[in-house]
Amino acid sequence: DGGITQSPKYLFRKEGQNVTLSCEQNLNHDAMYWYRQDPGQGLRLIYYSQIVNDFQKGDIAEGYSVSREKKESFPLTVTSAQKNPTAFYLCASSMDRDQENLFFGSGTQLSVL
Amino acid sequence: KQEVTQIPAALSVPEGENLVLNCSFTDSAIYNLQWFRQDPGKGLTSLLLIQSSQREQTSGRLNASLDKSSGRSTLYIAASQPGDSATYLCAVNSGNTPLVFGKGTRLSVIA
């Protein structure tokens, strides 16, 4: 089955620790996106990548980092510089930059210990 | 900068009722508009996509309309069912930037 997989579903971070959220897709999509969702809020864009080995900052990139070494993978690292990391993180992919037929993963809930 | 607003933030209706969810956007120069559904603790599922040249799109009991000049879209749900309970988000594509999402409308359909 084609789809987009996020792991883990739940993640806990200690203060000062970096954590990495995984996002893998087997849809052969060029574009991938990371969003943050806080309770009662819409989605805010963290980073996006429209092609391998290239990515751009979204609206709230501070305290986060990404890489796009392979077409199917777009991991997100939440660094210790992100002071309020508790949120629901969603990864998405689309065939191209038009973002039609946008597919989402099932999300990772990150909490601070 | 494009801003997307959804009203109401929450809505509760009895089963069988027809209902309308609203979405407004500040910049009418859009490429398309999409409606998504999100169940609690889950990712988003695409429901309908309307291109800027279209007035409406239909899928089953769902009908989405677009009035680009006034910066508005509506999602009409006919004969609502408890299984329709979810959060509905609209998102605007301005063509050269990633989608801008509204905060969503949380719908509860009471049996």
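Note that the coordinates shown come from a computational prediction; the quantities given were computed from them, not determined experimentally. (Residues numbered from 1 in each chain as written. Chains lettered and ligands numbered in written order. Predicted model: local features only at pLDDT ≥ 70, side-chain atom pairs only at ≥ 80, totals over all residues. Heavy atoms only, no water.)

Enquirer: Got a minute to help me understand the sheet that holds strand S1 (residues 4–7) of chain B in this structure?
Expert: Paired through their backbone hydrogen bonds, the strands of a sheet run either parallel or antiparallel. All names here are of chain B. Within the open sheet, the five strands sit side by side as S1-S3-S8-S7-S6. Their pairing is antiparallel. Bordering the open sheet on either side are S1 and strand S6 (56–59), each of which pairs with just one other strand. With strand direction ignored, the average angle separating the axes of adjacent strands in the sheet is 15 degrees. Examined bridge by bridge, S1 and strand S3 (residues 19–25) share four bridges and lie antiparallel to one another. By the bridge assignment, Ile7 is partnered in S3 with Asn22. (Pairing = 2+ DSSP bridges. Helix = DSSP H or I, 4+ residues; strand = E, 2+ residues; numbered from the N terminus. Axes fitted to C-alpha atoms, helices over the stretch in contact; angles between N-to-C directions.)

Enquirer: I'm lost on the pattern of salt bridges in this one. Help?
Expert: All names here are of chain A. Taken as a whole, this structure holds five salt bridges over all chains when the rule is applied. Of the charged contacts, one joins Lys71 and Asp30 as a salt bridge, the two residues approaching to 3.3 Å between their closest N and O atoms. Placement of Lys71 in the loop between strand S7 (64–66) and strand S8 (76–78) and of Asp30 in the loop between strand S3 (19–25) and strand S4 (31–37) is noted, with a sequence separation of 41 residues between them. For Lys71, a relative accessible area of 26% gives the class partly exposed. Residue Asp30 is classed as partly exposed on the basis of its relative accessible area, which comes to 32%. Two residues, Arg44 and Asp38, come together in a salt bridge whose shortest N-O distance is 2.8 Å. (Salt bridge = Lys/Arg side-chain N within 4 Å of Asp/Glu carboxyl O. Buried < 20%, exposed > 50% of the residue type's maximum accessible area, 1.4 Å probe, protein only.)

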